[in-house]
2 protein chains.
Amino acid sequence: MENKAEIEALVNEIIGRVADKWTMVVLEALEARGTMRFTELSQEIPEISQKMLTKTVRQMERDGLVSRKVYAVIPPKVEYTLTALGHGLSEAFCGVWIWAEKNHAKIHEARRKFDVKAAR
Amino acid sequence: MENKAEIEALVNEIIGRVADKWTMVVLEALEARGTMRFTELSQEIPEISQKMLTKTVRQMERDGLVSRKVYAVIPPKVEYTLTALGHGLSEAFCGVWIWAEKNHAKIHEARRKFDVKAAR
DNA sequence: ATCTATACTTCCCTGCAGGAGAGTAATGGA
DNA sequence: TCCATTACTCTCCTGCAGGGAAGTATAGAT
């Protein structure tokens with residue numbers, strides 16, 4: 001049996017890495033639309049810069065969350081698809097999405113109250 | 001019915017805010033140990049700086065995830081406890097924790113392979 | 001000859017995350 | 001009288017996230 005603290009650190013690292021803003025957004029897009037090209041992704045997520053999209057998608061590839069299929073044509077064509085691991089993560093996050101949808105009103109309400117109190 | 005894109009943006013914002021590194025760690029600590037004082041938290045999470053702990057915990061309070069009970073004594077005593085909302089979030093993340101525990105080996109494996117390939 | 005499309009990379013620049021360390025208020029105990 | 005304790009706050013400082021814009025390779029269309 002491995003060291004408990006070690007596993008915890010690992011899990012923390014993975015969640016920290018995997019649960020960053022852009023990874024989540026790309027994950028969502030790919031889950032919703034299936035296989036997508038680079039340009040399609042950047043159109044689907046207009047707020048992300050090219051640089052960040054490249055970086056995010058590379059990182060996800062490295063982590064085994066997406067597969068990257070390059071066609072040897074000109075102009076280039078590259079397709080991104082979620083792997084089984086990627087689908088699994090997306091499923092795991094499902095609970096969080098649902099929670100967020102259900103509870104965003106409560107959070108806003110809590111913030112409002114807090115801010116009113118703080119203003120005094 | 002509200003605008004779909006608006007809700008999506010809201011959910012994204014909340015997840016982005018709520019799922020940051022320190023919030024997750026504090027959430028986990030409070031879920032595991034129940035009510036904790038400031039110093040206890042910082043001992044439980046030695047990697048966090050005082051500044052960041054204060055900030056994280058304040059933010060969580062504002063979002064209604066934790067409640068803060070101040071005792072009017074000297075030296076000061078402040079207790080932090082998860083609210084129902086906080087417990088709910090922690091529960092929602094449960095799936096992600098489990099996923100991470102189950103799959104960290106696969107991720108490391110994927111990274112190894114990727115790095116070997118990239119080295120060529 | 002020039003333009004376009006695609007999936008990048010590179011460079012430059014700014015702002016903010018976040019660490020380190022010192023300061024603070026108030027009281028009880030040695 | 002001086003120190004320890006607690007939960008902060010404040011200031012200074014560094015490094016990196018990330019945006020914007022330009023550059024690149026290549027071939028087919030005009």
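Our subject is the structure that appears above.
Now for a look at the structure at hand. (Residues numbered from 1 in each chain as written. Chains lettered and ligands numbered in written order. Predicted model: local features only at pLDDT ≥ 70, side-chain atom pairs only at ≥ 80, totals over all residues. Heavy atoms only, no water.)

### Brief notes about the pairing of strand E2 (residues 66-71) of chain B
All names here are of chain B. Direction of pairing for E2 relative to strand E3 (residues 77-82): antiparallel, over a ladder of six bridges. In the strand pairing of E3, Val 70 is matched with Val 78. Between E2 and E3, which pair antiparallel and follow one another directly, the connecting turn spans five residues. (Pairing = 2+ DSSP bridges. Helix = DSSP H or I, 4+ residues; strand = E, 2+ residues; numbered from the N terminus.)

### Comments concerning the interface of chain A and chain B
Each partner contributes residues to the interface: chain A has 39 residues there, and chain B has 39 residues. Each partner contributes to the roughly 3,700 Å² buried at the junction of chain A and chain B, and carbon and sulfur atoms together form 73% of this total. Looking at the side of chain A facing chain B, the largest losses of area belong to Arg 62, Trp 99 and Arg 111 of chain A, adding up to 20% of the total buried there. Here Arg 111 of chain B ties to Asp 63 of chain A by a salt bridge, and the two come within 2.6 Å at their closest N and O atoms. Inspection of the region where chain A meets chain B yields six residue pairs in polar contact (both at pLDDT 80 or more). For the side of chain A that touches chain B, the elements supplying multiple residues, two or more each, are helix H1 (4-18), helix H2 (21-33), helix H4 (50-62) and helix H5 (84-119) of chain A. At 20 residues, H5 of chain A tops the list of elements feeding residues into the side of chain A that touches chain B. Per-class residue counts for the side of chain A that touches chain B are 20 nonpolar, seven polar and 12 charged. (Contact = heavy atoms within 4.5 Å. Buried area = accessible area lost by both parts, 1.4 Å probe. Salt bridge = Lys/Arg side-chain N within 4 Å of Asp/Glu carboxyl O. Polar contact = N/O pair within 3.5 Å; in protein donor to acceptor, adjacent residues only side chain to side chain. Nonpolar A, V, L, I, M, F, W, Y, C, P; charged D, E, K, R; others polar.)

### Comments concerning empty space enclosed by the protein
Residues and elements named next belong to chain B. The final tally for this structure, using the stated rule, is one cavity of 30 Å³ or more. By volume, the largest cavity amounts to about 30 Å³. Looking at the largest cavity, the residues that line it are Arg 17, Val 18, Thr 23, Gln 59, Met 60, Asp 63 and Leu 65. Elements supplying a minimum of two residues to the lining of the largest cavity: helix H1 (4-18) and helix H4 (50-62). In terms of residue class, the lining of the largest cavity is made up of three nonpolar, two polar and two charged. (1 Å grid on protein atoms, 1.4 Å probe; cavity = no way out; pocket = protein on both sides within 12 Å on 5 of 7 lines; lining within 4 Å. Points joined across faces, edges and corners; volume = space filled by probe spheres on them.)

### Observations concerning the protein's contact with DNA strand C
What surrounds DNA strand C is a group of 19 residues, the closest being Thr 39, Gln 50 and Tyr 80 of chain A together with Ser 49 and Lys 51 of chain B. Here, DNA strand C places atoms within 4 Å of the protein, and 62% of those atoms are sugar or phosphate. In the environment of DNA strand C, a phosphate oxygen lies 2.9 Å from a nitrogen or oxygen atom belonging to the side chain of Arg 37 of chain A. The contact in question runs from a phosphate oxygen of DNA strand C to an N or O atom on the backbone of Val 78 of chain A, over 3.3 Å. When contributions to the surface near DNA strand C are tallied by element, the ones reaching two or more residues are helix H3 (38-44), H4 and strand E3 (77-82) of chain A together with H4 of chain B. Of the residues forming the surface near DNA strand C, the biggest block, four residues, is contributed by H4 of chain A. Here the residues of the surface near DNA strand C sort into eight nonpolar, four polar and seven charged. (Near = heavy atom within 4 Å.)

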